[in-house]
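Reading the structure
Chain residues, written in single-letter form:
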Amino acid sequence: MEINGSVYNSGNISQRNVDSEGQISVLSSNLFLDHVGEVTLTLNSDGLSWKSLYSLDNDGSTCLGIKFLPRMATKMATKLKFSDIYAVEIIDSDVIQESDLTLAAECFVGNESHDSGVCLFVFVSFYIMIIYFSDSSYLLLQMNHFMVHTFQKSKSQPCLWSLAVYKFGNKDLQTCQMWVNKINDSLSKEVGRPKNLLVFVHPMSGKGNGRRIWETVAPIFSRAKINTKVIVTQRAGHAFDVMTSATNEELNLYDGVLAVGGDGFFNEILNGFLSSRHKAPFPPIPSDFLDALGNNSNALVNDPNGADSESHNNIESDPLLSSSAHNESGFSHLRTNDGSHIEDQQIENPLPNQRLRFGIIPAGSTDAIVICTTGARDPITSALHIILGKKLCLDVAQVVRWKTTSTSKIEPRVRYAASFAGYGFYGDVITESEKYRWMGPKRYDYAGTKVFLKHRSYEAEVGYLEVESEKDSSILDGSRMFSRVRSLKRKKSERIICRANCDVCNTKPVYSSTRSPPAISSPEARWLKSKGRFLSVGAAIMSNRNERAPDGLVADAHLSDGFLHLLLIKDCPHALYLWHLTQLARKGGNPLNFDFVEHHKTPAFTFTSIGKESIWNLDGELFQAHKLSAQVFRGLICLFASGPEV
């Protein structure tokens, strides 16, 4: 029934109608939907819905012993939210295919006045028409039509999204154009969708398919009317240099920055962005760590104007692997040796930037960040997250290298990591794999086997802040339970896994990103130490799920809770270490439940190598550091992602 609206003869269009569910519709008309037949399409405030004009009984309808059921109609959705539609377009008039079974339903169903003779006549005539068109399944009709582009989730893997399209037709071109305009008007009101993107393509990422992967997803961005400026990197460190030299005014022209590559390539772009823009203190460090640096009282604060400007290159030419002196000017005393502030000085920090988001189109060897933030290692899925304007905040670790070697001068150098920082086994694997880049992703398996067989351990000292860690609890509304824990060995049933709309990550922090977390500045916080020989030392910022470790290094690590997961693997027999690695590679394994494994949840830690060699792995990038400190900043950047679904 029409309410306060007008009805147009062309296409049976009505405006301001009440649909079958009692909602006021903005627009409603009869159209043909491909594979379904004629439907009544309705546009409401939240999306589109349609209803077939030919309803069938639950048990199906028969005529002359033949049962008629629309083959596709029973499988297709009947509603689409605007938040799930990424584009709509009108296409040239041509011949489209319309299901004959729907037309058959019009003849045979819902009209009891048809006697058997009429039924037989229509059926025979219909059958002859099918033969005439040389297609036993479809009739050919001349139509104008428009396409609504959306996505569908895999039934077995809900995190995996694939493209879907609904084709609506009408003989009147103006009717189709009006629907396109109305839907586009509604899509333009969706908040957070990007219009302009800066895209970096690493042509050699993974198996060297970076360019090809971008060419696969580029038409989706074009269809969604998103402007993209594409830079195909020509050398190592190219993206870093572009991001470092770009002014804030230039970056403000874009809604986001995309990396078509792997975790290491994203790390390069992230460091280029943060190196000259993140203004925050260096991590807190204990007093004896300061004494070893030759400073008797205070740590240093990062000078944003003298930020890290080094290029990201491979191992052959990486300046991080040399001991050349760096600019040390612009530092001032800020912290005491227990991590508290000397003065209540506000550090200017414009981050996180809620408007400028980062996105990753996976084209790397492991793509752990993409898997942890979208749930799938799939370029189409990532592209849809970006186009639909999904938003997810991500913790970032600030890592400060104080010394390159035991004899080098104090040379503080800042780098950032979004997923993982590792030493020992992790650093050795990335170093060894650089010799076999020609092997592609398989080089990690080969390098990992070689490093495992060597079974090297390293003597080091690790310090970390003991904090009042949150117990896993169903109470996440601000009232929390605390307990002092040294080592976290939780049962599977006690884990709270990070998922889309995660309660842990969405809980508002009680501190600003411009200041230290309360765990660091609390007078009750104290430094604990672990010294000895380690096969590996790792700090996981997220779970780091990947194809080789389906549950990740730490299954219940969260994307934005403000904590690092410090993993200390002590020297142990070869067989036990193999058992540990086997548990990592097995879904549902317990790689942390070993006596030689220490797991500490902390916002900050320090590391001092007692040996000569010290190579770290930061998101797959090499970083030589004999002495370093690190802290995590909660939700420092935002990604085009929504988190993995169950």
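Residues numbered from 1 in each chain as written. Predicted model: local features only at pLDDT ≥ 70, side-chain atom pairs only at ≥ 80, totals over all residues. Heavy atoms only, no water.

1. A word on the pattern of salt bridges
Between side chains of opposite charge, pairing is possible as soon as their charged atoms come close. Threshold: Within this document, salt bridges are pairs made up of a side-chain nitrogen of Lys or Arg and a carboxyl oxygen of Asp or Glu, the two lying within 4 Å of each other. Relative accessibility thresholds used throughout: buried, under 20% of the residue-type maximum; exposed, over 50%; partly exposed, between the two (1.4 Å probe, protein chains only).
Scanning all chains against the criterion turns up 10 salt bridges. As a salt-bridge pair, Arg235 and Asp241 come within 3.0 Å of each other at their nearest N and O atoms. Given the relative accessible area of 46%, Arg235 is considered partly exposed. One salt bridge in this structure joins Lys570 and Glu598, with 2.9 Å as the shortest N-O distance.

2. Some details on the packing of helix α4 (residues 210-223) against helix α10 (residues 379-387)
What counts is decided by this rule: A fitted line through C-alpha atoms represents every axis, and for helices the fit uses only the stretch in contact; the resulting angles, taken between N-to-C directions, go from 0 to 180 degrees. Strands here are runs of E lasting at least two residues and helices are runs of H or I lasting at least four, both read from the DSSP assignment and numbered beginning at the N terminus. Left-handed describes a crossing whose near helix is turned anticlockwise from the far helix by less than a right angle; the clockwise case is right-handed. When checking whether two residues touch, look at their non-hydrogen atoms; a contact exists if any pair is within 4.5 Å. Residue polarity is assigned by list, with Asp, Glu, Lys and Arg as charged and Ala, Val, Leu, Ile, Met, Phe, Trp, Tyr, Cys and Pro as nonpolar; anything else, Gly included, falls into the polar class.
Orientation of α4 relative to α10, taken along the N-to-C sense of each, is 35°, at an axis distance of 10 Å. When you trace α4 past α10, the crossing you get is right-handed. Residues Ile213, Val217, Ile220 and Phe221 of α4 touch α10, and the partners they reach there are Pro379, Ile380, Ala383, Ile386 and Ile387. A per-class count over the contact of α4 with α10 returns nine nonpolar, no polar and no charged.

3. Structural notes on the pairing of strand β14 (residues 256-261)
For a regular strand, the rule is simple: side chains alternate between the two faces of the sheet. Operational definition: Here a strand pair is declared whenever DSSP counts at least two bridges between the two strands.
Counting buried residues along β14, six of its six residues qualify, which places the element largely inside the surrounding structure. Side chains Gly256, Leu258 and Val260 of β14 all project onto a buried face; the interleaved residues Val257, Ala259 and Gly261 project onto the opposite face, where all are buried too. Note: strand β12 (residues 196-201) against β14, five bridges, orientation parallel. In the sheet register, Val199 faces β14, and the bridge partner there is Leu258. Direction of pairing for β14 relative to strand β15 (residues 357-362): parallel, over a ladder of six bridges. Note that in β15 the partner of Leu258 across the bridge is Gly359.

4. Some points on α4
In an α-helix, one full turn covers 3.6 residues, which means residues spaced three or four apart are oriented alike. Short version of the rule: Expected span of a helix: the number of residues minus one, times 1.5 Å.
The end-to-end C-alpha distance of α4, which contains 14 residues, comes to 21 Å, matching closely the 20 Å that a straight helix rising 1.5 Å per residue would cover. By the burial criterion, the buried members of α4 are Gly210, Ile213, Trp214, Val217, Ile220 and Phe221. Elements in contact with the buried residues of α4: β11 (161-170), β12, β13 (227-232), β14, β15 and α10. Phi turns positive one or two residues past the end of α4, at Lys225, with a value near 60°.

5. A short note on the confidence of the model for the chain
Going by this rule: Per residue, pLDDT captures the predictor's confidence, and it can take any value from 0 to 100.
The predicted model of the chain has a mean per-residue pLDDT of 76, with 69% of residues at 70 or higher. Throughout residues 116-140 the model reports pLDDT below 50, and contacts reaching past four residues in sequence, or to other chains, amount to 37 contacts.

6. Things to note about the pairing of strand β27 (residues 621-624)
Along β27, one buried face is formed by Glu621 and Phe623 and the opposite face, lined by Leu622 and Gln624, is buried too. In this structure, strand β26 (residues 615-618) lies alongside β27, joined through four bridges in antiparallel fashion. Within β27, the residue paired with Asn617 across the bridge is Leu622.

7. Brief notes about the environment of Ala625
Along the polypeptide, Ala625 turns up in the loop between β27 and β28 (627-639). With 11 residues separating them in the primary sequence, Ala625 and Ser614 have C-alpha atoms 5.7 Å apart. Look past the residues within four positions of Ala625 in its chain and what remains in contact with it is Arg401, Lys403, Thr404, Phe607, Ser614 and Trp616.

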